[in-house]
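Listed below are the residues making up each chain.
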Amino acid sequence: MLHLLSGSTDTITACDECGKEVFQMPMIFDAAMGQLIRERLQQDKRTAGVTVEINCADGCISLIGAVDSEEQKNTALFLIEGLSGVRSVMDQIIIRPH
């Protein structure tokens with residue numbers, strides 16, 4: 001589930017979706033996390049060349065796009081879920097029909 005947060009950066013606030021108290025990280029963290037994810041996907045031979053939209057908001061990642069196989073989808077999710085600072089991953093990746 002993607003958590004949408006309200007409030008200013010560097011504050012403790014409640015998640016709009018679940019109400020849990022979370023610490024908001026600055027926007028620079030989101031940009032760095034997005035770049036790290038792009039690099040990880042391009043460096044792995046199973047996901048190199050895959051084009052997915054990556055949105056980051058305070059450690060909540062959403063992936064939107066299409067891939068050619070279940071292996072590509074699962075690899076992308078695995079590479080992201082293991083990153084430090086990732087709170088959740090919203091999977092909106094579809095597998096293209098053959």
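Quick note: structure is the one above.
Residues numbered from 1 in each chain as written. Predicted model: local features only at pLDDT ≥ 70, side-chain atom pairs only at ≥ 80, totals over all residues. Heavy atoms only, no water.

Asks: Explain helix H2 (residues 70-81) here, please?
Replies: Given 3.6 residues per turn, any residue in an α-helix points the same way as the ones three and four places further on. The end-to-end C-alpha separation of H2 is 16 Å, in line with the 16 Å expected for twelve residues at 1.5 Å each. Among the residues of H2, Gln 72, Lys 73, Thr 75, Ala 76, Leu 77, Leu 79 and Ile 80 are the ones counted as buried. (Helix = DSSP H or I, 4+ residues; strand = E, 2+ residues; numbered from the N terminus. Expected span 1.5 Å × (residues − 1). Buried < 20%, exposed > 50% of the residue type's maximum accessible area, 1.4 Å probe, protein only.)

Asks: What exactly am I supposed to notice about the pattern of salt bridges here?
Replies: Opposite charge on two side chains lets them pair, provided their charged atoms get close. For the structure on display, the rule yields three salt bridges. Between Asp 68 and Arg 96 there is a salt bridge; the shortest N-O distance is 2.7 Å. One end of the pair, Asp 68, is in the loop between strand S4 (60-67) and H2; the other, Arg 96, is in the segment after strand S5 (88-95), and 28 residues separate them in sequence. Residue Asp 68 is classed as partly exposed on the basis of its relative accessible area of 40%. (Salt bridge = Lys/Arg side-chain N within 4 Å of Asp/Glu carboxyl O.)

Asks: It is not clear to me how the nonpolar core should be interpreted in this structure. Could you clarify?
Replies: Where a protein is soluble and globular, its nonpolar side chains tend to be buried together. With 18 residues, the main nonpolar core has Ile 37, Val 52, Ile 54, Ile 61 and Leu 63 as its most contacted residues. Of all elements in the fold, only helix H1 (27-43), strand S3 (52-57), S4, H2 and S5 reach the threshold of two or more residues within this core. (Core = buried A, V, L, I, M, F, W, Y, C linked by side-chain atoms within 4.5 Å.)

Asks: It is not clear to me how the pairing of S5 should be interpreted in this structure. Could you clarify?
Replies: Where a strand is regular, its side chains alternate between the two sheet faces. Where S4 and S5 come together, eight bridges link them in parallel fashion. Bridge pairing in S5 places Val 67 opposite Ile 95. In the classification by handedness, the crossover that spans S4, the intervening H2 and the parallel S5 is right-handed. (Pairing = 2+ DSSP bridges. Right-handed = clockwise from strand over helix to strand, strands pointing away.)

Asks: Where do I start with the environment of Phe 29 in this structure?
Replies: Its location among the elements puts Phe 29 in helix H1. Through-space distance from the C-alpha of Phe 29 to that of Asp 58 is 7.5 Å; in sequence the pair is 29 residues apart. Apart from the residues within four sequence positions on either side, Phe 29 is in contact with Gly 59 and Gly 85. (Contact = heavy atoms within 4.5 Å.)

Asks: Sorry if this is basic, but what is going on with the pairing of S3 here?
Replies: Across the two faces of S3 the burial differs, with Val 52, Ile 54 and Cys 56 buried and Glu 53, Asn 55 and Ala 57 not buried at all. For S3 and S4, the ladder comprises six bridges, and the chain directions are antiparallel. Counterpart to Ala 57 in the pairing with S4 is Cys 60. Here S3 folds back onto S4 in antiparallel fashion, the turn holding two residues, of which Asp 58 has a positive phi close to 55°.

Asks: Whenever I open this one, the environment of Arg 38 confuses me. Can you help?
Replies: With respect to the element layout, Arg 38 can be found in helix H1. It is 9.6 Å that separates the C-alpha atoms of Arg 38 and Ala 48, two residues lying ten residues apart in sequence.

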